[in-house]
Amino acid sequence: LTNIKDLFREKEQYKDKKVTVGGWVRSNRDSKNFGFLVVNDGTFFEPLQIVYGSEIENFGDIAKIGVGAAVVVTGKIVETPGAKQPIEMHAEEVLVEGPSPADYPLQKKRHSFEYLRTISHLRPRTNTFQAVFRVRSLAAYAIHKYFQERNFVYVHTPLITGSDCEGAGEMFQVTTLDLENVPKTEEGKVDYSQDFFCKPTNLTVSGQLDAETYAFAFRNVYTFGPTFRAENSNTTRHAAEFWMIEPEMAFADLKDDMMLAEGMLKYVIRYVLDNAPEEMAFFNQFVDKGLIERLEHVLSSEFGHVTYTEAIEILEKHNDEFEYKVHWGSDLQTEHERYLTEKEFKRPVFVTDYPKEIKAFYMKLNEDGKTVAAMDCLVPGIGEIIGGSQREDKLDLLEKRMEEMNLNKEDYEFYLDLRRYGSARHAGFGLGFERCVMYLTGMGNIRDVIPFPRTVKNCEL
Ligand code: 4AD
Ligand code: MG
């Protein structure tokens, strides 16, 4: 089979040549003596128009091919100057590999995203989702490329773990115990000695702690894998299963961390604009008007920087506009994050140095004793897309912090060892990959940028 992408991209080479393509029918119209099959083969955003004439012996059967059918078509590529598309195919042979009856759930009309979520196995055959999932794939590749070109080692951190990196208790438990008949100890507690791992375990909320261990061997590392949060947030930005990219650098501080993050985001934006021009033009026209111009603007300007304390001063002046009023010490809600990035800075912005009380135990305490060397990167339309920090590298300070937060030190011995043996300043961050794809495409709901979304009360397919 020839890729439809090659037919479009290298049309001179295929002009008047006979080729075979295989794909799925988007539409089929016929009149008395000829008809048009529009076929998408997934290699290119644009489908190929195929003209078939009544001289083909099974003309009557071809005219009946239903939308969604899988076909293999052989024919000549013809240039069509002035037409909407530069080429079309004149069919010589049309074979139906798998028919699609009239109850095919995708018809040639606009379906709502809500409806398409109910058929997440078929939605990648639509324009929008072809575009989303190609951009998602390219963005993932670009991120690997960015880190690999900079000598970062890709570390595969485990998904099943015994620790809670974020200390927020938002974990999915993993167990082989029979929930209908949980074994109990004499004291009436759950008897984990009968469990597979002989202790409570959960799906990871972040690969950071494991990544830190490898950073103290390879200096610069990154993870890129699924993470899980049993966060009961039914929003357009939260999923229970999402992918996270977590670089970690030894001999680096918060400034280095922000430079890496800004460089990475710009690299990914550039990469998808260059490598998915048709898809990005589609988003720009149908999903989020002005998207391309905004992304280009991000590429040509520097991200904003503001401390948490300064941000609170800005936000307090607008407290009457917010559902949740802020004061020093409050966690920033999405409405505040969006205010900062959309109204105040009008571009991506790093908020740094949050109060230690609202951040995780591993963040490095600043000299003021009140704030930590944290950074969140906020972007217009979404809010937080990245969360990162310089890590506490002093054993005594880390232990003190863990005690204050009632963490069980035995569960983190490996992590404390890193501060015992060859500790170095280090920093890293986590980019929520779905939020990144939302930002790149202008799509407004996290359910529409991950192939099979898992959200509160929803785990279909
Ligand atoms: O800010 P978070 O919780 O940071 C961490 O997990 C750190 N351990 C990262 C690190 O320093 N290595 O999560 C990081 C990012 C968020 O900024 C957000 O983009 C995304 O992960 N994220 C979610 N995305 C979708 N659904 C959820 N429920 C998410 N929770 C976090
Ligand atoms: Mg965060």
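Note that the structure is a prediction, hence the values are computed from the model and not measured.

> I keep staring at the pairing of strand β2 (residues 34-40) and nothing clicks. Help me out?
On a regular strand, each side chain points to the face opposite its neighbour's, so the side chains alternate between the two faces of the sheet. Along β2, six of the seven residues are buried, which leaves the element largely enclosed by surrounding structure. Pairing of strand β1 (residues 18-30) with β2, which is carried by six bridges, proceeds in the antiparallel orientation. Bridging across to β2, W24 finds its partner in N40. In this structure, the hairpin formed by β1 and β2 is closed by a connection of three residues. Here β2 runs beside strand β3 (residues 48-53); their pairing, made up of six bridges, is antiparallel.

> Hey, could you run me through the UniProt feature "domain: Aminoacyl-transfer RNA synthetases class-II family profile" (unreviewed entry) in the protein in this one?
In the UniProt entry, the feature "domain: Aminoacyl-transfer RNA synthetases class-II family profile" (unreviewed entry) is given for residues 133-451. Taken end to end, residues 133-451 is 37% helix and 18% strand, and its two terminal C-alpha atoms sit 8 Å from one another.

> Sorry, what's going on with empty space enclosed by the protein here?
The probe, sized like a water molecule, is rolled over the atoms to show the empty space still left. A complete count under the given rule lists two cavities of 30 Å³ or more for this structure. Here the largest cavity defines a volume of roughly 40 Å³. As for the largest cavity, its lining consists of T161, S163, C165, T204, V205, S206, L209 and D210. For the lining of the largest cavity, the per-class residue count stands at three nonpolar, four polar and one charged. Quantified by volume, the second largest cavity comes out at close to 30 Å³. In terms of lining, the second largest cavity is formed by D164, E166, A168, G169, E170, V205 and R229. The residue inventory of the lining of the second largest cavity, partitioned by class, reads two nonpolar, one polar and four charged.

> Is there a simple way to think about the sheet that holds strand β4 (residues 70-79) in this case?
Strand pairing within a sheet occurs via backbone hydrogen bonds; the two strands may be parallel or antiparallel. Within the closed barrel, the five strands sit side by side as β1-β2-β3-β5-β4. Their pairing is mixed. Neighbour to neighbour, the strand axes of the sheet diverge by 55° on average, direction disregarded. With two bridges connecting them, β3 and strand β5 (residues 87-98) associate as parallel partners. By the bridge assignment, I50 is partnered in β5 with M89.

> Would you take a moment to explain the nonpolar core for this structure?
As a rule of thumb, soluble globular proteins bury nonpolar side chains together. If you look at the biggest cluster of nonpolar residues, it comprises 67 residues, and the most contacted ones within it are I386 and L431. In this view, L431 contacts I143, W243, M244, I245, M264, L265, I385, I386 and C436; residues no more than four positions away in its chain are not counted. Within the second largest apolar cluster, 31 residues are counted, among which are C165, V306, F322 and A374.

> When you look at the side chain of T341 in this model, what are you seeing that I'm missing?
In this fold, T341 is placed in helix α11 (residues 334-344). Judged by relative accessible area, T341 falls into the buried class, the value being 0%. Setting aside residues no more than four positions away along its own chain, T341 makes contact with K346, R347, P348, V349, L378, V379 and P380.

Criteria and thresholds
- Residues numbered from 1 in each chain as written.
- Chains lettered and ligands numbered in written order.
- Predicted model: local features only at pLDDT ≥ 70, side-chain atom pairs only at ≥ 80, totals over all residues.
- Heavy atoms only, no water.
- Buried < 20%, exposed > 50% of the residue type's maximum accessible area, 1.4 Å probe, protein only.
- Helix = DSSP H or I, 4+ residues; strand = E, 2+ residues; numbered from the N terminus.
- Pairing = 2+ DSSP bridges.
- UniProt positions renumbered as here; feature names shortened; annotations may be inferred.
- 1 Å grid on protein atoms, 1.4 Å probe; cavity = no way out; pocket = protein on both sides within 12 Å on 5 of 7 lines; lining within 4 Å.
- Points joined across faces, edges and corners; volume = space filled by probe spheres on them.
- Nonpolar A, V, L, I, M, F, W, Y, C, P; charged D, E, K, R; others polar.
- Axes fitted to C-alpha atoms, helices over the stretch in contact; angles between N-to-C directions.
- Core = buried A, V, L, I, M, F, W, Y, C linked by side-chain atoms within 4.5 Å.
- Contact = heavy atoms within 4.5 Å.

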